[in-house]
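# Summary of structural features
For reference, the chains in residue letters:
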Amino acid sequence: QVQLVESGGGLVQPGGSLRLSCVASGSISRIYDMAWYRQTPGKQRELVATITNGGSTKYADSVKGRFSVSRDNARNLLYLQLNSLKREDTAVYFCNAVVARSMWPGERMSYWGQGTQVTVSS
């Protein structure tokens, strides 16, 4: 079994910063691509950032230059640094990972965390 758990969300003022973490646990053989998504009520889930094992990153235009995604492969950790936060960044942020389990190393599955709330407000 594989679980992803996000943390680090909270209330922050516009212009502030926050760092989100996501830890993967369970019988993991390897973690491939990882990503951050976000969702607000009434909107579709939005892809925020992706990162490969080699550290190649991509960002949505709305967050480019403000957010930074990173990972620690040895600890199965994914991070998202959120800077210069705007009110429109308010959302539930979800981490996603493509994972191969130890018992089925040839099978890749996509897993989701439960989400962490980020609220940007004065």
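This text goes with the structure placed above it.
From a predicted model like this one, the values you see are computed outputs, not experimental measurements.

## Describing the nonpolar core
- If you look at the biggest cluster of nonpolar residues, it comprises 30 residues, and the most contacted ones within it are Leu20, Trp36, Val48, Phe67, Leu78, Leu80 and Tyr93.
- Breaking this core down by element, the ones donating at least two residues are strand E1 (2-7), strand E3 (18-26), strand E4 (28-39), strand E5 (46-51), strand E7 (67-72), strand E8 (77-82), strand E9 (91-101) and strand E11 (116-120).
- Per-element tally for this core: the top contributor is E9, with five residues.
- Those residues in contact with Leu78 that lie beyond four places of it in its chain are Leu20, Ser21, Cys22, Met34, Ala35, Trp36, Ile51, Val69, Ser70, Arg71 and Cys95.

## Topic: the packing of aromatic side chains
- Scanning the model with the defined rule gives one aromatic pair in all.
- Its guanidinium or amino end placed over the ring of Tyr79, Arg19 lies 4.0 Å from that ring's centre, counting from NZ or CZ.
- The aromatic ring of Tyr32 is capped on one face by Arg108, whose charged end is 3.9 Å from the ring centroid.

## Remarks on the environment of Thr40
- Mapped onto the fold, Thr40 is located in the loop between E4 and E5.
- Between the alpha carbons of Thr40 and Val92 there is a distance of 6.4 Å; along the sequence they are 52 residues apart.
- For Thr40, the residues in contact, after removing those within four places along its chain, are Thr90 and Ala91.

Rules used throughout
- Residues numbered from 1 in each chain as written.
- Predicted model: local features only at pLDDT ≥ 70, side-chain atom pairs only at ≥ 80, totals over all residues.
- Heavy atoms only, no water.
- Core = buried A, V, L, I, M, F, W, Y, C linked by side-chain atoms within 4.5 Å.
- Buried < 20%, exposed > 50% of the residue type's maximum accessible area, 1.4 Å probe, protein only.
- Helix = DSSP H or I, 4+ residues; strand = E, 2+ residues; numbered from the N terminus.
- Contact = heavy atoms within 4.5 Å.
- Phe/Tyr/Trp six-rings, centres within 6.5 Å; stacked < 30°, edge-to-face > 60°.
- Lys NZ or Arg CZ within 6 Å of the ring centre and 35° of its normal.

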